[in-house]
Amino acid sequence: MSALSAKNNTNRNGDAPDSRYPAAKHGMPAAWDDVILTASDEEQAVFYRNQIRFRLSKGLLSPETRFAVVPDLEGQRIGSGGAFFNVLKHLWELNGGPDRFENRRVLLINSGGDSVRVPQYSVCGKLFAPVPRELSGGAPAALFDEIMQSLAWLPAQLPPGILTVSGDILILSQSPAFNCEGCGAAALSVRDSVFKGVGHGVFVTDEHGVVVRFLHKRSAEEQRQAGAVDGTGMVLIDTGAIWLGTAVVRDLAGLISAAGKLDADQFGVYVNGETRLSFYTDIVYPMARASRLEEYYSEQPENGYTDELRYCRERLWGILRKYQMKMIELSPASFLHFGTTAQALDAMTGDIEKYSALGWRNRVLSDIAVRGGFNALCSFVDANSRVGEGAYLENSVVIGSKISRRCVVSNIRLDGVEIPDNTAVHCLRQKDGNFVVRIYGVDDDPKRGLCDNGTFLNRPLTEYMKARGLAAEDLWPREPYDLWNARLYLSCPCAEASLSHALGLFGRPSGIAANGPLLSMKESADNADKSLFF
């Protein structure tokens, strides 16, 4: 797979590089040698590559860095751990062997998910979700741009190796000095309240700053009992940023090779849709000092327990157990998680003042004719409309409409309609030319459904179905019975008709009648025309 680079590539538009990016400034330390994005499939990979080419042409990314996008295997979801091995294969093939890239500093951005919990970005991916800042040349910035900027100081601090970060987390820090020499791996952490730790991973360390345990979404009391909480009620949050040194990378590359060469059979053991390794569970966990093999075997997998998974974990444990992971606390620092629609809304509205240093503003590239405590990006609102407190509009046109408080309106035209409180609504153009308007509650979690207290439009899904006389077979042709797979949304040639159907989901007394096929969030994302997002 070829790498993307800006070397010898002049800016066709004559624009100067954006001086906000440290890597673009003269005299800065060397940038990343490689930046690699993972993608769910080749279609998403093409979209990502187009985004990178656009930024390279504008001088927004370092010309000294090789960029690449590595998709999952065709027709298979291989998990974040499988994606990591797939990236090792890419680096091996690009450089001619692991010894050839051992002196390189690689940034790996895990960005191959479906954005299930933030459905408005299920086509562009959370990594390229727009943020309220304007790039040079008049385009809106994306989370990717902020991640690249926020990590631009790290190549000068880290030894060669691979830094893996999550594509939906932005870490903001003032470039503290630290030393990773002599340790096989390191975790970058931010200290926050124990209550924030309830919704994230938390590290427990010893007096030497070595990671002893990982705690994943544990209660405040469980964190205290495990010794994770300091005297001020703070914990070390797992930001998803994990650095693996060259020794660890070499050993992991050895698992997919034989006699010093890549081996297709060995590669297939670790990279496939059945085993579906997790980077954080299967690769990072064994390096915690207090981890135990039997507990490791029983850690929740991404795709179920199998003999093949147990074999992989046995081999991984054997090579990783000898390494220790150092904790690097970034301070002062904060982090922003785009994990759910509610979190994204909070970042774009209530928390925006925290990120003013990034150049984020309440109104960006927008024409707004009304006042109010809402924010907008690339949107138009006429004087006959009303927008409620805490709402966020992006890539939308609003005419003669009422948008209530704490709403998300994305990629849609609203004309003479009312959007209730705490509602997200957006439109997707399909490959067949049809439109699908998807509507849901800001606090809904599409990964949940009938079996785990899921909600729809901010009320229990079971209650919603009972009130409308709906059975499971009315919404789902098969399992899983979650909101992501519920067939609720009308696909039709007219966006206004699909919007009318979506708004009817609030008040329709019985059934879900429709003049056309009903699609789920998943189906409408899979069938969306990604070419329209660039």
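Residues numbered from 1 in each chain as written. Predicted model: local features only at pLDDT ≥ 70, side-chain atom pairs only at ≥ 80, totals over all residues. Heavy atoms only, no water.

*Asks:* Would you mind going over the overall build of the protein chain with me for this structure?
*Replies:* Along its length, the protein chain carries 15 helices and 32 strands. Its C-alpha radius of gyration of 23 Å places the protein chain within 12% of the 24 Å reference for a compact globule of 534 residues. Across its three principal directions, the C-alpha atoms of the protein chain cover 65 × 55 × 50 Å. The buried share among the 534 residues of the protein chain stands at 55%. Here the analysis covers contacts within the protein chain between residues at least 6 apart in sequence; of these, 64% occur between residues at least 24 apart. As displayed, the protein chain has an accessible area near 21,900 Å², and 47% of this comes from carbon and sulfur atoms. The centroid of the 56 positive side-chain charges in the protein chain is displaced by 2 Å from the centroid of its 63 negative side-chain charges. (Helix = DSSP H or I, 4+ residues; strand = E, 2+ residues; numbered from the N terminus. Rg over C-alpha atoms; globule rule 2.2 N^0.38 Å. Buried < 20%, exposed > 50% of the residue type's maximum accessible area, 1.4 Å probe, protein only. Contact = heavy atoms within 4.5 Å. Areas by Shrake-Rupley, 256 points an atom, 1.4 Å probe, with all protein chains shown as cover. Lys, Arg positive; Asp, Glu negative; His and termini not counted. Charge placed at Lys NZ, Arg CZ, Asp CG, Glu CD.)

*Asks:* Even after reading the chapter, I still don't get the packing of aromatic side chains, so can you show me in this structure?
*Replies:* The description of an aromatic ring pair rests on the distance of the ring centres and on the angle between the ring planes. This structure, assessed with the given rule, holds 13 aromatic pairs. Plain terms: the ring middles of phenylalanine 85 and tyrosine 270 are 5.2 Å apart, the flat faces sit at 35° to each other, and that makes the pair tilted. Placement of the pair is phenylalanine 85 in helix 2 (residues 79-95) and tyrosine 270 in helix 7 (residues 264-270), with a sequence separation of 185 residues. A single burial state applies to phenylalanine 85 and to tyrosine 270, both of which are buried. Each member of the aromatic cluster is reached from another via a ring pair, and the members are Phe84, Phe85, Tyr270, Phe279 and Tyr280. When the ring centre of phenylalanine 267 is taken as origin, the NZ or CZ atom of lysine 89, which lies over that ring, is 5.5 Å away. (Phe/Tyr/Trp six-rings, centres within 6.5 Å; stacked < 30°, edge-to-face > 60°. Lys NZ or Arg CZ within 6 Å of the ring centre and 35° of its normal.)

*Asks:* Got a minute to help me understand the pairing of strand 9 (residues 201-205) in this structure?
*Replies:* Every regular strand shows the same layout, with side chains that alternate between the two sheet faces. For strand 9, the tally of buried residues reaches four of five residues, placing the bulk of the element in the interior. Note that strand 9 and strand 11 (residues 234-245) share two bridges and pair antiparallel. Of the residues in strand 11, the one forming a bridge with phenylalanine 203 is leucine 236. (Pairing = 2+ DSSP bridges.)

*Asks:* For this particular structure, what's the right way to read the side chain of asparagine 272?
*Replies:* Turning to its location among the elements, asparagine 272 is positioned in the loop between helix 7 and helix 8 (279-284). Look at asparagine 272 and you get buried, because its relative accessible area is 14%. A distance of 3.1 Å separates a polar atom in the side chain of asparagine 272 from the backbone oxygen of valine 269. Those residues in contact with asparagine 272 that lie beyond four places of it in its chain are Gln76, Arg77 and Ile78. (Polar contact = N/O pair within 3.5 Å; in protein donor to acceptor, adjacent residues only side chain to side chain.)

*Asks:* Please explain the sheet that holds strand 20 (residues 386-387) as it appears in this structure.
*Replies:* Two modes of strand pairing occur in sheets, parallel and antiparallel, and in both the strands are linked by backbone hydrogen bonds. If you walk across this open sheet you meet the three strands as 20-23-26, and the pairing is parallel. Edge positions in the sheet fall to strand 20 and strand 26 (418-419), since each has one partner strand and no second. Pairing geometry for strand 23 (residues 402-403) and strand 26, over two bridges, is parallel. Across the sheet, lysine 402 pairs through a bridge with glutamate 418, a residue of strand 26.

*Asks:* It is not clear to me how the packing of helix 6 (residues 246-254) against helix 10 (residues 307-320) should be interpreted in this structure. Could you clarify?
*Replies:* In a packed pair of helices, the relevant descriptors are the angle between the two axes and the axis-to-axis distance. Taken N-terminus to C-terminus, the directions of helix 6 and helix 10 make an angle of 150°; their axes are 10 Å apart at the nearest point. In terms of orientation, helix 6 lies roughly antiparallel with respect to helix 10. With respect to the hand of their crossing, helix 6 and helix 10 are arranged in right-handed fashion. In this structure, helix 6 contributes Val248, Asp251 and Leu252 to the contact, and helix 10 contributes Leu316, Ile319 and Leu320. Here the residues of the contact of helix 6 with helix 10 sort into five nonpolar, no polar and one charged. (Axes fitted to C-alpha atoms, helices over the stretch in contact; angles between N-to-C directions. Parallel < 35°, antiparallel > 145°, perpendicular 65-115°, else oblique. Left-handed = near helix turned anticlockwise from the far one by under 90°. Nonpolar A, V, L, I, M, F, W, Y, C, P; charged D, E, K, R; others polar.)

*Asks:* Could you clarify how one ought to interpret the pairing of strand 2 (residues 66-71) in this entry?
*Replies:* The buried fraction of strand 2 is high, at five of six residues. Examined bridge by bridge, strand 1 (residues 34-39) and strand 2 share six bridges and lie parallel to one another. Bridge pairing in strand 2 links alanine 39 to proline 71. Read as a crossover between parallel neighbours, the route from strand 1 over helix 1 (residues 42-57) to strand 2 is right-handed. (Right-handed = clockwise from strand over helix to strand, strands pointing away.)

*Asks:* Just to check I follow, could you spell out the environment of glutamine 51 for this structure?
*Replies:* Tracing the backbone through its elements, the reader meets glutamine 51 in helix 1. For glutamine 51, a relative accessible area of 8% puts it in the buried group. Separated by 232 residues in sequence, glutamine 51 and isoleucine 283 place their C-alpha atoms 30 Å apart.

*Asks:* It is not clear to me how the nonpolar core should be interpreted in this structure. Could you clarify?
*Replies:* Leu37, Ile109, Leu393, Ile403 and Phe456 are the most contacted members of the largest nonpolar core, which has 121 residues in total. Dropping the residues within four chain positions of it, isoleucine 403 is found in contact with Arg386, Val387, Gly388, Ala391, Leu393, Val398, Val409, Leu414 and Ile419. Of all hydrophobic cores here, the second largest spans 48 residues; its members include Leu88, Leu255, Val271 and Ile283. (Core = buried A, V, L, I, M, F, W, Y, C linked by side-chain atoms within 4.5 Å.)

*Asks:* Help me understand the environment of tyrosine 323 in this model?
*Replies:* In this fold, tyrosine 323 is placed in the loop between helix 10 and strand 14 (325-329). Along the chain, tyrosine 323 and valine 387 lie 64 residues apart, while their C-alpha atoms are 54 Å from each other.

*Asks:* Just to check I follow, could you spell out the packing of helix 2 against helix 6 for this structure?
*Replies:* Packing of helix 2 against helix 6 leaves a shortest axis separation of 10 Å and a crossing angle of 95°. Between helix 2 and helix 6, the crossing angle belongs to the class labelled roughly perpendicular. Note on element contacts: helix 6 touches helix 2 through Val249, Leu252 and Ala253, opposite Phe84, Phe85, Leu88 and Trp92.

*Asks:* How should I be thinking about the sheet that holds strand 24 (residues 408-410) in this particular structure?
*Replies:* Taking strand neighbours across the sheet as the criterion, the eight strands line up as 16-18-21-24-27-28-31-32 in an open arrangement whose pairing is mixed. At either end of the open sheet lies a strand with only one pairing partner, and these are strand 16 (363-364) and strand 32 (518-519). Sheet topology places strand 16 next to strand 18 (residues 375-377); two bridges connect them, and they run parallel. The partner of valine 364 across the bridge, within strand 18, is leucine 377. Packed on one face of the sheet, helix 14 (residues 495-507) meets strand 27 (423-429), strand 28 (435-441), strand 31 (489-492) and strand 32 and runs near 25° to strand 28.

*Asks:* Before we go on, may I ask you to explain unusual backbone geometry in this structure?
*Replies:* The general pattern is negative phi for most residues beyond glycine and trans for most peptide bonds. Of note, the bond from serine 331 into proline 332 is cis; its omega dihedral lies within 30 degrees of zero at -5°. Here proline 332 lies in the loop between strand 14 and strand 15 (333-337). Backbone torsion omega between glutamate 479 and proline 480 reads 5°, so that peptide bond is classified as cis. Mapped onto the elements of the fold, proline 480 is located in the loop between helix 13 (472-475) and strand 31. In the Ramachandran plot, cysteine 378 falls in the positive-phi region, its phi being about 50° despite a non-glycine side chain.

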